[in-house]
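Examining the three-dimensional arrangement
Given next are the chains, with one letter for each unit.
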Amino acid sequence: MASVLAASGGVKQVICINWGTKYGPPFINRLYAMVARNITPPFTFTCFTDNRSGLRPEILCEDLPPLDVAMPVNTKGIWPKARLWGPKLGSLTGPVLFLDLDLVIVGSLDSFFEVGEPDDVILARNQTTPFERLGQTSLFRFPVGKLVPLQEKFRADPQGVADEYSFEQRFVTRNAPGGVKLFPRRWVLHFRQDCRWPLPINYFLAPRLPADGRVVLFPRSLLPQHAIDGRFGYKGRRATPLEHIRGLFSPDRREKSALRYLRHYIRPTPWVAEHWHE
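Quick caveat, the model's predicted, so the values are computed rather than measured.

1. Re the overall build of the protein chain
Of the regular secondary structure elements, the protein chain holds 10 helices and 10 strands. The globule rule puts the C-alpha radius of gyration for 278 residues at 19 Å, and the 19 Å found for the protein chain is close to it. Seen along its three principal axes, the alpha-carbon backbone of the protein chain occupies a region of about 55 × 40 × 40 Å. For the protein chain, the residues scored as buried account for 53% of the 278 residues in total. For the protein chain, long-range pairs separated by at least 24 residues make up 74% of all intrachain contacts whose partners lie at least 6 apart in sequence. About 12800 Å² of surface is accessible on the protein chain, with carbon and sulfur atoms providing 55% of the total. Side-chain charges of the protein chain comprise 37 positive and 26 negative groups, with the mean position of each set lying 7 Å from the other.

The structure is reproduced here in C-alpha cells:
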C-alpha cells in the first residue's frame, strides 16, 4: 500500500472523463458522492470534461486532454478514453484509478490502491469473455504517462486499431507496456452476469448483490436507473412478471427469440438505489 500511495504523494487519485451530453453533471456528482462514501481520505476526484457547469465544488475539473485525431466510427469501443493515455493528466502524477460514470460503488475502494506496484497497469477482469484473459477499462489503475505508447499507436491509425481490436479494453490489455495485471475477479461485478438471476428465477427474485463486490458495472445500455426501475435497458419497460410474460404474445415484441425475451426481465432492484445517489 505504501509504495503505491507514495508514488502519488500519499493521496488516492480517482479520475473520470466526460464529453458530450449522454451523462453530464448528475452522473459525475453521483460518482463523486459514491467515491467519497467509500474511500479513506486523503483522496482527490478529478473529472476531465468539456463542460464544468453544474458540478459539485469538491470535484477538481480539468479540460479534456488533447488528442488530435478523428475518432473511429462504427465501433463498439469507447475510444475517446484514449485521451487519458497521454504524457500528462492535468496536474496529476503517479497512479490514478479511473472509473466509468455509470458504475455503482457498493464497497470500499481502498483495496484498489493496495495491490500491485506503482508502475503497474491493473484492470478489472472482463467477465463477458471467460476464455480470454481480457481486462475491463470501466475500472482500471495506471500511472500517468505509462500508456503513451498506446496513444501513439492509436493516433497513427485510429480506425485501423479500432477495426482490429473492436474494444479499447482489448487494445489496452494486449498492448500496455510491460503487460497488465487484473484485480480480483469478485471485486468488480457485472450486473447482468453476476447480479441478475437466470430464467425463471428472474421473475421471482430481484437481482442480488454478492457480499464480496466493491463495484458493479452496468455495460451495454443497461444503466443503474434501469435496474432500479426494473427495466432491461433503454428499450425495456417496467412491468409486472405477468405483464412481461403476456408481452411474449405481442406483435410488437422486439426480440425475435422468445427465450431471449423471457431472459430479459428483471424485477426492480432496491440495493442499486441505496448506493447510486448523491
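That covers the picture; the talk isn't over yet.
2. Side note on the side chain of Asn29
Position of Asn29 relative to the elements: it lies in helix α2 (residues 25-37). For Asn29, a relative accessible area of 7% translates into the label buried. Engagement of the side chain of Asn29 in a polar contact is seen with the backbone nitrogen of Arg56, the distance being 3.0 Å. With residues up to four places along the chain from it excluded, the contact list for Asn29 reads Gly54, Leu55, Arg56, Ile59 and Glu278.

3. Describing unusual backbone geometry
With an omega dihedral of 5°, the bond running from Pro41 to Pro42 counts as a cis peptide bond. Mapped onto the secondary structure, Pro42 falls in the loop between α2 and β2 (43-49). Each neighbour pair has its own omega, and for Leu199 with Pro200 the value is 5°, a cis peptide bond. Of note, Pro200 is situated in the loop between α6 (191-195) and β10 (215-217). With a phi angle near 55°, Asn74 is a residue other than glycine that sits in the positive phi range.

4. Some details on the sheet that holds strand β9 (residues 188-190)
Spatially, 3 strands are ordered β5-β10-β9 in an open sheet, and the strand pairing comes out mixed. Two strands lie at the open edges of the sheet, namely β5 (104-105) and β9, each paired on one side alone.

5. As for the sheet that holds strand β3 (residues 60-63)
Note on sheets: strands pair through backbone hydrogen bonds, and any given pair is parallel or antiparallel. Spatially, β3-β2-β1-β4-β7-β6-β8 is the arrangement adopted by the 7 strands of the open sheet, whose pairing is mixed. Only two strands of the sheet have a single neighbouring strand rather than two, namely β3 and β8 (181-182). Along the sheet, α2 makes contact with β1 (12-18), β2 and β4 (95-99), crossing β2 at roughly 165°. Of the strands in this sheet, β6 (122-125) and β7 (135-143) touch helix α5 (residues 168-175), which is tilted by about 45° from β7.

Cut-offs and rules
- Residues numbered from 1 in each chain as written.
- Predicted model: local features only at pLDDT ≥ 70, side-chain atom pairs only at ≥ 80, totals over all residues.
- Heavy atoms only, no water.
- Helix = DSSP H or I, 4+ residues; strand = E, 2+ residues; numbered from the N terminus.
- Rg over C-alpha atoms; globule rule 2.2 N^0.38 Å.
- Buried < 20%, exposed > 50% of the residue type's maximum accessible area, 1.4 Å probe, protein only.
- Contact = heavy atoms within 4.5 Å.
- Areas by Shrake-Rupley, 256 points an atom, 1.4 Å probe, with all protein chains shown as cover.
- Lys, Arg positive; Asp, Glu negative; His and termini not counted.
- Charge placed at Lys NZ, Arg CZ, Asp CG, Glu CD.
- Polar contact = N/O pair within 3.5 Å; in protein donor to acceptor, adjacent residues only side chain to side chain.
- Pairing = 2+ DSSP bridges.
- Axes fitted to C-alpha atoms, helices over the stretch in contact; angles between N-to-C directions.

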